[in-house]
Amino acid sequence: MIPGKDIKVGREDSPKEKYGSFALFDIEHFLRRILKNWYWFVLMLSIGYLASWVYTKYYAQSIYASNLSLSVSNNTASYFTPNQSINFIWGQNGNQDGIYLKKMLLSRSHNEFLVKELDLFVNYSTKGMIKSTYLDKDDSPIFLQIDKKHLQQIDYPITVIPKGNGTYEVVLPEEGQSTSLYSYESEGYQSISSYNRPANKIIKINEWYDAPNLRFRLLPNPVASNIKLDNIIINLSSVNNSVNEIVSTTGVDFDKEIGTIMIISKKGYNLNSTVNFLNKSVTELQKKRLADKNIVNKNTEVYLQGNLSSIRKKLDSSANVLNYLKTSEKLYNIKDRDEKSLEAIKDLEAKKADILSKISSLNNIKNTLQAQNFDKMISTNAAGFEDGLFSASVTELKALYLKKREMAAIYKPNSEPMKEINRLIDDAKMSSSGTLRNYYTRYYEEINKIDRQVAEANSDLVTYPEKERRYLDAERGYNMIEATYNSLLGRQNEAQMKVATNQSDITVIDPAKNLGQSPIGPNVKATKAAIMFGLLLLPLLFILIGELLDSKIRNIKELLSATKIPLLGVIGNNTNENMLTVLEQSKSSVSESFRGIRANMRFLMNNDGEKGKVILITSSIGGEGKTYISINLASVIGLSDKKTILLGMDLRKPKIFGDFKIDNKYGISNYLTGEVSIEQIINKTKVPNLDVATSGPIPPNPSELLMSEKNIKFIDALREKYDYIIIDSPPVGLVADSYELMKQSDANIYVVRHEYTEKYMLKMITEKYHNDEIEHLGLIYNDYNTKQGYGYGYGYGYGYGYFDEDKNYKEPLLIKIRNKIQTIFNKK
């Protein structure tokens, strides 16, 4: 049976609109193209590995990280170092000091102080043949010190080359000098007049280098560096950029088990730089915290000393009054004294005196805050409370006022930045004032309560005579003043003790160290994988795009599924120099394929009648091999002892005569125009049963000749003389002549060439076939590469000695592997 012949049965059952429709993407062919182009993937993989190796070794900048852990104690008493105390007003607790310290470490003010104090806006590096390496300041044999009063060009590499004997050559870039220079005093930019590039210059240590855009000198590193450098590249950055870079690469986390332990990390291109920065940052923070605490405690001591002096005078005056009453009025031994009520009144008035002292301190804090005199602030302990949020709000307010003064020199009062800073100041004021109001409310409520209790106790003393009551009032006044004095004295002693014993509340547990830590980035493995995978995607992408844009027929299964037209056979590549493959290479696989087609053709034709059978061969366009198929099919039929004639009816493009070495002077076109007889156009070949009638000269009206009555009679006349008439007709995709000739044929063969025929060209012939406009139609798949094999039985035999090609046959590697595996598993 013809492969695919059974598909024709019941062809009306399938939706007609699907005939001739091919899949957009052929996964099988796509995978085969990938295997066919394996060398591109190997090449891209090799290039990717080499590129990733070069990038990693010469271009990728390693990123390092170091850590420092510290603990924060909870014994502070400063606005600027809030502790762990419970917030009375808001009911909050937890690691407020740690959170404040985290904000402090990441604040602009702290890091700006470090940048300016440690000259962190000066960056050092060195460059080899390809790669630049970032240096820690201590790795450089020299330090660059700028003149901050002079305008400097930032982000402008300064190359310093050692010349020996303490001299260095300063080399500036060939271009890139700018007229917009940076001032480290105002932290802004200023414009200058244009100038020529400064020439290279050799300077000595401590010698100033002067140029329109730079002024600096080189200082020796007091610590000798073990690194020998051929060059040192120095870049200046703005203070703002340096601060932002530090903040963006610094991280602060809290220990999961102990909340007061902080872990500070710093990332950078140089491990020593990260280590040194962390240690210096925390050292400076310890100093600042201790200085802030001492300032507040000293202010508190001075404030309390002033109050003590005032209270001391009142206490002396009250003592004199009391002594006078004792001596003059003899009231020191009052009979029937109510000691219980008097003691209660004494305790209540002592408490009231203490609260009034706190309110006085609260007034001092409030007035100092309103006057923005932050340097005179006293401790909240003097006012009887500790509040981390209030201390944080005071610190924020101080920073905002400083920022406002800086911005006032740049922005106008009604500008948006100034409005925003004023809004932030108002918010901070509201927060601090609200906290103070809450404490005022609390204290006055306590005083009112004490006054009510004192009034109740006084009711028990109304029975005393006036003189004795006067003595008791004097005694109570003295006791109240004495209680106030003792309270202030205790707080003064506390403040003095803190000043004497004060230490930083920050304790370093593990300082940052260079332990040879490995880089944390970049992810070399991921980078290599990304580069190699990206390059591997290139050929895959090209193949995919090519597959999506490819409209050629490449798959026999897809061809039969889309057309539902029977397949007569598959013809392999023609390795012969001409088209006479069957005649000159009779033992080839191609010749055997034509014999198979000859056997399968009987399924296309009706066997009724004894007249010769007309077989028409056509294709979509030229170049698909219809003439080649016509010649060899006629040859294989002629060799089977069937009287056969081959007609060259492609009058527009004659071909047949060349391979048979026949003169094309007279042919079918001459006969149809009545110039010659049938006998004159029929030519004998070396095959006894095979005759050929060539096309003849190209006529001006080929279509009219082929569709003429004379051509029909010509074919009928040949039926009487030959068993088979093979017609090489014009391509149906270009002209309609073949459709007319099909009315005279008994079988029609449509040639499809592998990787040549366009898919869309098959739609017309497929629709005509399924609409019953064409009958007895079969396909021949031509020029197929037998190494690809689709399992149709064609092309088998390579390597088994059946065909002439076997002597040059080399078994593919995959087939060798498959056969070897089969051999192993088939062993018993």
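Bear in mind the structure is a predicted one, so any value in this text is a computation, not a measurement.

A. Region of interest: the overall build of the chain. Regarding its fold elements, the chain presents 24 helices and 23 strands. For the chain, buried positions account for 46% of its 828 residues. Taking all contacts inside the chain whose residues are at least 6 apart in sequence as the whole, residues at least 24 apart take part in 79%. Just so you have it, the chain exposes about 43,100 Å², and 53% of that area is on carbon and sulfur atoms.

B. Inspection of unusual backbone geometry at higher detail. The linkage connecting Gly521 with the following residue, Pro522, adopts the cis geometry, with an omega of -5°. For Pro522, the position within the fold is in the loop between β15 (506-510) and α12 (524-549). The phi dihedral of Glu755 falls on the positive side, at around 55°, and the residue is not glycine. Overall, Glu755 belongs to the partly exposed group, its relative accessible area being 29%.

C. Expanded view of the sheet that holds strand β4 (residues 142-146). Taking strand neighbours across the sheet as the criterion, the three strands line up as β4-β11-β10 in an open arrangement whose pairing is antiparallel. Each edge of the open sheet is held by one strand with a lone partner, namely β4 and β10 (208-211). With direction set aside, neighbouring strand axes in the sheet form an average angle of 25°. Sheet analysis places β10 next to strand β11 (residues 214-220), joined by four bridges and oriented antiparallel. Residue pairing in the sheet places Asp210 in a bridge with Arg215 of β11.

D. Region of the structure containing empty space enclosed by the protein. Considering all chains together, one arrives at five cavities of 30 Å³ or more under this definition. Empty space within the largest cavity amounts to approximately 80 Å³. As for the largest cavity, its lining consists of ten residues, of which Thr300, Asn381, Arg491, Glu494 and Ala495 are closest to the centre. By residue number, the principal contributor to the lining of the largest cavity is helix α11 (residues 466-501), which donates four residues. Residues that form the lining of the largest cavity fall into these classes: three nonpolar, four polar and three charged. When its volume is computed, the second largest cavity comes out at roughly 60 Å³. Leu24, Asp26, His29, Glu547, Asp550, Lys552, Ile553, Arg554, Asn555, Glu558 and Lys759 together form the lining of the second largest cavity. Counted by class, the lining of the second largest cavity contains two nonpolar, two polar and seven charged residues.

E. Looking closely at the pairing of strand β3 (residues 132-135). Direction of pairing for strand β2 (residues 122-127) relative to β3: antiparallel, over a ladder of four bridges. Its bridge partner being in β3, Ser125 is matched across the sheet by Tyr134. Hairpin geometry of β2 and β3 is characterised by an intervening segment of four residues between the two adjacent antiparallel strands.

F. Molecular detail of helix α21 (residues 709-721). The end-to-end C-alpha distance of α21 is 19 Å, a good match for the 18 Å that 13 residues give at a rise of 1.5 Å each. Taken together, the buried positions of α21 are Asn711, Phe714, Ile715, Leu718 and Arg719. Projection of α21 onto a plane perpendicular to its axis shows the buried side chains occupying an angular sector of 145°, all on one side. Pointing more than 90 degrees away from the buried face of α21 are the exposed residues Glu709, Lys713 and Glu720.

G. Quick look at the nonpolar core. Residues Leu70, Leu144, Ile158, Phe216 and Ile234 are the most contacted members of the largest nonpolar core, which totals 51 residues. Considering each element in turn, this core owes the most residues, six residues, to helix α7 (residues 271-328). Setting aside residues no more than four positions away along its own chain, Phe216 makes contact with Leu144, Gln145, Ile146, Ile158, Val170, Ile203, Glu207, Trp208 and Tyr209. With 45 residues, the next largest nonpolar core counts Ile565, Val614, Leu672 and Tyr750 among its residues.

H. Local environment of the packing of helix α3 (residues 38-59) against α12. It is the contact of α3 with α12, at a shortest axis distance of 8 Å, that shows an interaxial angle of 150°. For the element pair α3 / α12, the angle class is roughly antiparallel. As for the relative orientation of α3 and α12, their crossing is right-handed in sense. Contacts between α3 and α12 pair Trp40, Phe41, Met44, Leu45, Ile47, Gly48, Tyr49, Ala51, Ser52, Tyr55 and Thr56 from the former with Val524, Thr527, Lys528, Ile531, Met532, Leu535, Leu536, Pro539, Leu540 and Ile543 from the latter. Per-class residue counts for the contact of α3 with α12 are 16 nonpolar, four polar and one charged.

I. The packing of aromatic side chains, seen in detail. Counted by the stated rule, this structure contains twelve aromatic pairs. Aromatic pair Tyr209 and Phe216: ring centres 5.0 Å apart, planes at 25°, arrangement stacked. For the residue pair Tyr209 and Phe216, the accessibility class agrees, reading buried in each case. Lying across the ring of Phe277, Lys266 places its NZ or CZ 5.5 Å from the centre.

J. Molecular detail of the pairing of β10. A one-sided burial pattern is seen for β10, the buried positions being Tyr209 and Ala211 and the unburied ones Trp208 and Asp210. Count of turn residues in the β10/β11 antiparallel hairpin: two residues.

K. Structural view of the sheet that holds strand β14 (residues 261-268). Strand order in the open sheet formed by four strands is β13-β14-β1-β15, and the pairing between neighbours is antiparallel. The outermost strands of the open sheet, each flanked by one partner alone, are β13 (250-254) and β15. Strand-to-strand twist of the sheet, defined as the mean angle between neighbouring strand axes without regard to direction, takes the value 30°. Pairing between β13 and β14: five bridges, direction antiparallel. The residue of β14 that forms the bridge with Thr250 is Lys266.

L. Representation of the pattern of salt bridges within the structure. Throughout the structure, instances matching the rule amount to 30 salt bridges. Of the charged contacts, one joins Arg554 and Asp550 as a salt bridge, the two residues approaching to 2.0 Å between their closest N and O atoms. The burial state of Arg554 is the same as that of Asp550; both residues are buried. The closest approach of N and O atoms between Lys626 and Asp650, which form a salt bridge, is 3.0 Å. With Lys626 in helix α16 (residues 626-638) and Asp650 in the loop between β18 (644-648) and α17 (656-660), this pair connects stretches of sequence that are 24 residues apart. With relative accessibility at 5%, the residue Lys626 sits in the buried group. With a relative accessible area of 8%, Asp650 lands in the buried category.

M. Region of interest: the environment of Leu389. With respect to the secondary-structure elements, Leu389 resides in helix α9 (residues 388-408). Take Leu389: its relative accessible area is 34%, and that puts it in the partly exposed class. C-alpha of Leu389 to C-alpha of Tyr100: the two residues are 289 residues apart in sequence and 9.2 Å apart in space.

N. Structural view of the confidence of the model for the chain. The share of residues in the chain with pLDDT of 70 or more is 84%, and the mean pLDDT across the chain is 81. Overall, residues 1-16 carries pLDDT values under 50, and its contacts beyond four positions in sequence, including any with other chains, amount to 30 contacts. Counting contacts from residues 789-802, a segment whose pLDDT is below 50, to residues more than four positions away or on other chains yields 34 contacts.

Rules and cut-offs
Residues numbered from 1 in each chain as written. Predicted model: local features only at pLDDT ≥ 70, side-chain atom pairs only at ≥ 80, totals over all residues. Heavy atoms only, no water. Helix = DSSP H or I, 4+ residues; strand = E, 2+ residues; numbered from the N terminus. Buried < 20%, exposed > 50% of the residue type's maximum accessible area, 1.4 Å probe, protein only. Contact = heavy atoms within 4.5 Å. Areas by Shrake-Rupley, 256 points an atom, 1.4 Å probe, with all protein chains shown as cover. Pairing = 2+ DSSP bridges. Axes fitted to C-alpha atoms, helices over the stretch in contact; angles between N-to-C directions. 1 Å grid on protein atoms, 1.4 Å probe; cavity = no way out; pocket = protein on both sides within 12 Å on 5 of 7 lines; lining within 4 Å. Points joined across faces, edges and corners; volume = space filled by probe spheres on them. Nonpolar A, V, L, I, M, F, W, Y, C, P; charged D, E, K, R; others polar. Expected span 1.5 Å × (residues − 1). Arc of directions from axis to C-beta. Core = buried A, V, L, I, M, F, W, Y, C linked by side-chain atoms within 4.5 Å. Parallel < 35°, antiparallel > 145°, perpendicular 65-115°, else oblique. Left-handed = near helix turned anticlockwise from the far one by under 90°. Phe/Tyr/Trp six-rings, centres within 6.5 Å; stacked < 30°, edge-to-face > 60°. Lys NZ or Arg CZ within 6 Å of the ring centre and 35° of its normal. Salt bridge = Lys/Arg side-chain N within 4 Å of Asp/Glu carboxyl O. pLDDT = per-residue confidence, 0-100.

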